[in-house]
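Coordinates in review
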Amino acid sequence: MKEILNQIEVLMVPRPRYLKKLLDFKDTDFVKVITGVRRCGKSTLLKLFAEDLVMQGASRDRIIAVNFESLLAEDLRKPAELHRFVQERIERAEEGEGPYYILIDEAQEIERWAQTVNSLRATFPVDIYVTGSNSRLFAGEDLTYLAGRYVEVRMYPLSLQEFFTFRGLFPGSNAYPGSDTYPTSPEAVFDDYLSQGSFPAVALATNPQVIQALTASLIDSVVMRDVVQRGRIDNEALFMRVAQFVFDTIGSEVSAHRIANTLKSAGHSITANTVDRYLKLMCDAFVLYRCQRYDIRGKERLRTNGKYYMVDTGLRNAFLGERPCDVGHVLENVVFMELLRRGFEVSVGKIDDAEIDFVAVDHTDRVYVQVCRTLADEKVERREFSPLLAVADAYPKYVLSMDRIDYSHEGVRHMNIVDFLMGASLG
């Protein structure tokens, strides 16, 4: 099993969306900071970028890569040692034109990482790219050293479209390579996407035992390492209860006080402050994303409780087991993550006493989105369309469902969820 897992990890499938962003900022003075949950593909993206540099004519000895996942880089966590290492690599490199490219994986492991990276930027003729698995890279006084000198590239697990590619498929194909029995319709592949999850290593596997082992390893590296260990959580069992509660209530309005009160009623001793800390740690590690509420008429964000969504539904299933009864919230979750991938800032919309699942804003553009499993029931159709019809502006309004029948009316458009996740545009 371990050999199979290692083989999967070394496969590199292109992620053009993110590679293009790096290439757009190549050879600029900005430090390129790639952020995202652990194991979403950041390390592979750096390797793909290095290969692209070579294809464009860069010499390999002008590419200086440091991976802080490796024990070989342990000493380089100290700023002076990393500085010395880069200087020695530059001195040994053959003479040539153009910058040296520094690729640092998991930069948060460096002491005073921002100050150190900025020193490298200011001292040597370099173009710097770093990855990080924690949003706290952008918190604290240390970041002032990079203020105005970095661009963030936010990376996520696979979209459904990327999931197709990783499985060796493309839209319109009829079968998985080498398989006569595996389900092949877009909806069937979507079922895999929901149940198994969107992490690249999982998408590359088709053996159920391998998928199960990979998911278990994701819990260990993503949750136990980046949340429990990094957050120095002493009561692991209590944290897991909080995590299970919020994972179970994705798409529902929750608060630290509500979670604390629920756990207290079950006999657990915990404060709202502790719950709030656990939630922030999970958000810092990109395991959870908070979706704030937005008053559409008042045009302002509300300070009331928001909703939480998970970075990956497969990770949720590994914690809770699959729950067919809450498929509506699971569909909300994957739509929310796709909106983030497309660069939208996403809020929950409030219009009078009604709610719109998502208000997605990109620069000056805006789109309103409702999500449900099916509109076949007239009451459900009325419930989903009514809040959108109450919005007076001319921005696009959509209801996304699994239906193939077109329910569009009165200016509100209907779209199939799978079509949307496969790249159909809102607008």
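In what follows, the accompanying structure is described. Just so it is clear, the model here is predicted, and its values are computed rather than measured. (Residues numbered from 1 in each chain as written. Predicted model: local features only at pLDDT ≥ 70, side-chain atom pairs only at ≥ 80, totals over all residues. Heavy atoms only, no water.)

1. Here we look at the overall build of the protein
Per the secondary structure count, the protein includes 16 helices and 14 strands. Here the C-alpha atoms of the protein give a radius of gyration of 23 Å, agreeing with the 22 Å that 2.2 N^0.38 yields for 427 residues. Seen along its three principal axes, the alpha-carbon backbone of the protein occupies a region of about 70 × 55 × 50 Å. For the protein, buried positions account for 53% of its 427 residues. Accessible area of the protein: about 20100 Å², with a carbon and sulfur share of 49%. Side chains of the protein carry 52 positive and 61 negative charges; the gap between the two charge centres is 4 Å. (Helix = DSSP H or I, 4+ residues; strand = E, 2+ residues; numbered from the N terminus. Rg over C-alpha atoms; globule rule 2.2 N^0.38 Å. Buried < 20%, exposed > 50% of the residue type's maximum accessible area, 1.4 Å probe, protein only. Areas by Shrake-Rupley, 256 points an atom, 1.4 Å probe, with all protein chains shown as cover. Lys, Arg positive; Asp, Glu negative; His and termini not counted. Charge placed at Lys NZ, Arg CZ, Asp CG, Glu CD.)

2. As for the sheet that holds strand β1 (residues 31-35)
Note: strands within a sheet are paired through backbone hydrogen bonds, in either parallel or antiparallel orientation. Reading across from one edge, β2-β3-β4-β1-β5 is the order of the five strands in this open sheet, with parallel pairing throughout. The sheet terminates laterally at β2 (63-67) and β5 (150-154), the two strands that pair on one side only. The sheet shows a mean angle of 15° between the axes of neighbouring strands, taken without regard to direction. Bridging between β1 and strand β4 (residues 126-132) involves four bridges; their strand directions are parallel. The residue of β4 that forms the bridge with Ile34 is Thr131. Most of the contacts of helix α2 (residues 16-24) go to β5, to which it runs at about 175°, and overall it touches β1, β4 and β5. (Pairing = 2+ DSSP bridges. Axes fitted to C-alpha atoms, helices over the stretch in contact; angles between N-to-C directions. Contact = heavy atoms within 4.5 Å.)

3. Considerations on the packing of helix α9 (residues 208-229) against helix α10 (residues 236-248)
Running from N to C, α9 and α10 cross one another at 115°; their axes reach a closest spacing of 12 Å. One finds that α9 runs roughly perpendicular with respect to α10. The way α9 lies across α10 gives a crossing that is right-handed. Across the interface between the two elements, Val223, Met224, Val227 and Val228 from α9 touch Glu236, Phe239 and Met240 from α10. (Parallel < 35°, antiparallel > 145°, perpendicular 65-115°, else oblique. Left-handed = near helix turned anticlockwise from the far one by under 90°.)

4. With respect to the pattern of salt bridges
Under the definition given, this model contains 30 salt bridges. For Arg293, the salt bridge is made with Glu355, and the minimal N-O distance between the two is 2.8 Å. Remark: Glu355 occurs in strand β11 (residues 354-362) and Arg293 occurs in strand β7 (residues 293-295); sequence separation between them is 62 residues. Where Glu338 meets Arg342, a salt bridge forms, and the shortest distance between an N and an O atom there is 2.9 Å. On the basis of relative accessibility, which here comes to 2%, the residue Glu338 falls in the buried class. Connected via shared salt-bridge partners are Arg38, Glu69, Glu106, Arg225 and Asp226. (Salt bridge = Lys/Arg side-chain N within 4 Å of Asp/Glu carboxyl O.)

5. Things to note about the side chain of Arg38
Structurally, Arg38 is set in the loop between β1 and α3 (42-55). Side chain to side chain, Arg38 and Glu69 meet in a polar contact 2.9 Å long. A polar contact of 2.7 Å, which involves the side chain of Arg38, links it to the side chain of Asp226. In contact with Arg38, not counting residues within four places along its chain, are Glu69, Glu106, Gln108, Ser133, Phe199, Ser221, Val222, Arg225, Asp226 and Arg230. (Polar contact = N/O pair within 3.5 Å; in protein donor to acceptor, adjacent residues only side chain to side chain.)

6. Side note on the side chain of Ser401
Mapped onto the secondary structure, Ser401 falls in strand β13 (residues 397-401). Dropping the residues within four chain positions of it, Ser401 is found in contact with Cys372, Arg373, Thr374, Leu375, His414, Met415, Asn416 and Ile417.

7. Quick look at α3
Three or four residues apart is the spacing at which side chains of an α-helix point the same way, because the helix has 3.6 residues per turn. When the terminal C-alpha atoms of α3 are compared, their 20 Å separation across 14 residues agrees well with the 20 Å that a helix rising 1.5 Å per residue should span. Among all positions of α3, only Lys42, Leu45, Leu46, Leu48, Phe49, Ala50, Asp52 and Leu53 are buried. In the core, the buried residues of α3 are packed alongside α2, β1, β2, β3 (100-105) and β4. Following α3 by one or two positions, Gly57 adopts a phi angle in the positive range, close to 110°. (Expected span 1.5 Å × (residues − 1).)

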